[in-house]
Amino acid sequence: MSATAVRFHDQHVDEAGPSFGDGVIAGLSRERKRLSPKYFYDERGSRLFEAICRQPEYYLTRTEEGILASAAEEIAAIVGPESLLVELGSGASRKVRLLLEAVRPRRYLGIDISRDFLLESTRRLAADYPWLEVHAAWADFSRRLRLPSGVAGRRVVAFFPGSSIGNFSPREAEAFLAGLRRALPAGSGVLIGVDLIKDRRILEAAYNDAAGVTAAFNLNLLARMRRELGAAVEVGAFRHLAFFNAPAARIEMHLVSEQRQAITLDGQRFAFEPGETLHTENSCKYSVAGFQALAARAGYRSRTVWCDDEALFSVHYLSS
Ligand code: AVJ
């Protein structure tokens, strides 16, 4: 029953983006080498990310869950039962379960870039919540988003947890939110988790966990190049680097080349100097007021903001 209960929309909700291989070649060809963090999430990367969320230093997940748990009834009153809850980047997370149980929406649509992971997590939701109509759309929502036809609700609420918005620059985040507003019916809501600017020691510890899970997650990008693209790359000759760039209010992750070496792919050779980095992720942080101003520029009204007692993390309810 659970396997067939998910309506899977393999239609292109997104515009076709470059393949992993094309993205890697383009990123390695730049003067300052960089890759999009969306390439972290092959199956192994998605599992490593789930493990990051359980690390003691990674306060984001448990703090957001705490906020959602204590705000659940308030959120349920705003959202209402005849709704469609759209989760952007539907991981295996417990967060959406908190919401589903409190709100009891009619329909759920999970959107994710990792197909197998999406299927597994939506099937589990369908099995656990027989009253819920579960839809899954395989899409890269960082590109233009459309709701699959026939999937609607009296009120549509997009749930974008985990501070995933932080992967966009502030300018991109504004454009993304404006695009989301246009993709959803007028009057829709957005429930979005946003990590806050704070003491750099707390921030840097969260991206340098003692167990080395974040390092493995970062290095998996190189292993994925080898596995999927047949790239010649010495994974052991790169190391994980994560630091807070305070002027830009973001955590940066890089893979640092520990020696002179090259990655070879598709007959092309990409040379690294010792110490040269491949920039793999930005994770932007905001103040509450700063994020509200960004949302206002994207055409939203800020309805409610919830924070934890230590002001580590924020959850915003925006309406269009
Ligand atoms: C999924 C983008 C919110 O930036 O904290 C976690 C990804 N990278 N550890 C984040 C991530 C390294 C995560 N986001």
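Residues numbered from 1 in each chain as written. Predicted model: local features only at pLDDT ≥ 70, side-chain atom pairs only at ≥ 80, totals over all residues. Heavy atoms only, no water.

### Quick look at helix α5 (residues 95-103)
Heads up, the condition is: Only protein chains enter the calculation, and the probe is 1.4 Å; a residue is then buried if its accessible area is under 20% of its type maximum, exposed if over 50%, and partly exposed in between. Counting from the N terminus, the helices are DSSP H or I runs at least four residues long and the strands are E runs at least two residues long.
Counting buried positions along α5 gives seven out of nine residues, so the element sits mostly inside the fold. For α5, the full list of buried residues reads Lys95, Val96, Arg97, Leu99, Leu100, Ala102 and Val103.

### A short note on the packing of helix α3 (residues 43-52) against helix α9 (residues 213-229)
Short version of the rule: Axes here mean lines fitted to C-alpha atoms, for a helix over just the part in contact, with angles spanning 0 to 180 degrees between N-to-C directions. Note on terminology: angles under 35 degrees are roughly parallel, angles over 145 are roughly antiparallel, angles of 65 to 115 are roughly perpendicular, and the others are oblique. Any two residues whose heavy atoms approach within 4.5 Å are treated as being in contact. Each residue is assigned to one of three groups, with Ala, Val, Leu, Ile, Met, Phe, Trp, Tyr, Cys and Pro labelled nonpolar, Asp, Glu, Lys and Arg labelled charged, and all others, Gly among them, labelled polar.
Where α3 meets α9, the axes come as close as 9 Å, and the angle between the chain directions of the two elements is 180°. The angle between α3 and α9 places the two elements in the roughly antiparallel class. Facing Arg44, Gly45, Leu48, Phe49, Ala51 and Ile52 of α3, the residues of α9 in contact are Val213, Thr214, Ala216, Phe217, Asn220 and Arg227. Its residues assigned to classes, the contact of α3 with α9 shows seven nonpolar, three polar and two charged.

### Here we look at the packing of aromatic side chains
Here is the rule we go by: In this analysis, rings of Phe, Tyr and Trp, with Trp reduced to its six-membered ring, are considered paired at centre separations within 6.5 Å, and the interplanar angle assigns stacked below 30 degrees, edge-to-face beyond 60, and tilted for intermediate values. A positively charged side chain is recorded as over a ring if its NZ (Lys) or CZ (Arg) lies within 6 Å of the ring centre. The angle to the ring normal must also be within 35 degrees.
For the coordinates displayed, the defined rule picks out twelve aromatic pairs. Arranged with centres 5.8 Å apart and planes meeting at 80°, the rings of Tyr41 and Phe49 form a pair that is edge-to-face. The ring of Trp131 has Arg104 lying over it, and the distance from NZ or CZ to the ring centre is 4.3 Å. Looking at Arg115, its charged tip hangs above the ring of Trp138, at a distance of 5.4 Å from the centre.

### Comments concerning the site of the ligand
Here is the rule: The criterion for a residue being near a molecule or strand is simple. One of its heavy atoms has to lie within 4 Å of it. The definition of a polar contact used here is a pair of N or O atoms within 3.5 Å, where within protein one atom must be able to donate a hydrogen and the other to accept one, and adjacent residues in sequence count solely through side-chain atom pairs. For every accessible area listed, the method is Shrake-Rupley and the probe measures 1.4 Å; residues are considered covered only by the protein chains on display.
Taken together, 15 residues are adjacent to the ligand, and Tyr58, Gly162, Tyr207, Glu281 and Ser283 come closest. Take Tyr58: an N or O atom from its side chain is 2.5 Å from an oxygen atom of the ligand. Between the ligand and the protein, one listed contact pairs a nitrogen atom with a side-chain N or O atom of Glu281 at 2.6 Å. For the ligand, the accessible surface in isolation is 360 Å², of which the surrounding protein chains cover 97%. Those elements that place two or more of their residues in the shell around the ligand are α3, α9 and β11 (277-284).

### Quick notes on the domain arrangement of the protein chain
We count it as follows: An automatic or database domain assignment is the source of the domain bounds shown. Summed over both partners, the accessible area lost on bringing two parts together, with a 1.4 Å probe, is the buried area. When a carboxyl oxygen of Asp or Glu lies within 4 Å of a side-chain nitrogen of Lys or Arg, that pair is called a salt bridge.
Split into domains, the protein chain comes out as domain 1 (20-37 + 203-284) and domain 2 (55-199 + 285-319). Between the C-alpha centres of domain 1 and domain 2 the distance comes to 28 Å. At the junction of the two partners, domain 1 supplies 17 residues and domain 2 supplies 18 residues. In total, domain 1 and domain 2 occlude about 1,300 Å² of area from one another, counting both sides; carbon and sulfur atoms represent 56% of this. When the buried area of domain 1 at its contact with domain 2 is split by residue, Leu203, Ala206 and Cys284 rank highest and sum to 49% of it. Taken together, the links from domain 1 to domain 2 amount to zero salt bridges. If you look at where domain 1 meets domain 2, you find eight residue pairs in polar contact (both at pLDDT 80 or more).

### Some details on the nonpolar core
Counted only if it meets this: Only buried Ala, Val, Leu, Ile, Met, Phe, Trp, Tyr and Cys residues count toward a nonpolar core, and they belong to the same one when joined by side-chain atoms within 4.5 Å.
One finds Ile75, Leu191 and Leu222 to be the most contacted residues of the largest nonpolar core, which totals 68 residues. The element that contributes the greatest number of residues to this core is helix α4 (residues 59-79), accounting for nine residues. Counting residues domain by domain, this core receives three or more from each of domain 1 (20-37 + 203-284) and domain 2 (55-199 + 285-319). The residues touching Leu191, leaving out its near neighbours within four places in the chain, are Leu68, Ile75, Leu99, Val157, Ala158, Phe159, Phe160, Trp306, Val315, His316 and Tyr317. If you look at the next biggest cluster of nonpolar residues, it comprises 33 residues, including Val86, Ile111, Ala158 and Leu184.

### Quick look at α3
Here α3 has its buried residues at Gly45, Ser46, Leu48, Glu50, Ala51 and Ile52. In this fold, the buried residues of α3 make contact with α6 (115-128) and α9.

### A word on the pattern of salt bridges
One pass over the structure, following the stated rule, counts 19 salt bridges. In this structure, Glu120 engages Arg124 in a salt bridge whose closest nitrogen and oxygen atoms are separated by 2.8 Å. You can see Glu120 and its partner Arg124 sitting in helix α6, four residues apart, about one turn around the helix. What makes Glu120 partly exposed here is its relative accessible area of 31%. Close ionic contact of Glu252 with Arg250 constitutes a salt bridge, the shortest N to O distance being 2.9 Å. Among the ionic contacts, a cluster of salt bridges with common partners joins Glu43, Arg47, Glu120 and Arg124.

### Describing the sheet that holds strand β7 (residues 238-245)
Filter applied, for reference: A pair of strands is labelled paired if DSSP reports no fewer than 2 bridges between them.
Taken together, the three strands give an open sheet; going across it, the order is β7-β8-β11, and neighbouring strands pair in antiparallel fashion. The sheet is open, and its two borders are formed by β7 and β11, each paired with just one other strand. Sheet twist, expressed as the average angle between the axes of neighbouring strands with direction ignored, equals 20°. One ladder, built from eight bridges, connects β7 with strand β8 (residues 250-257); its direction is antiparallel.

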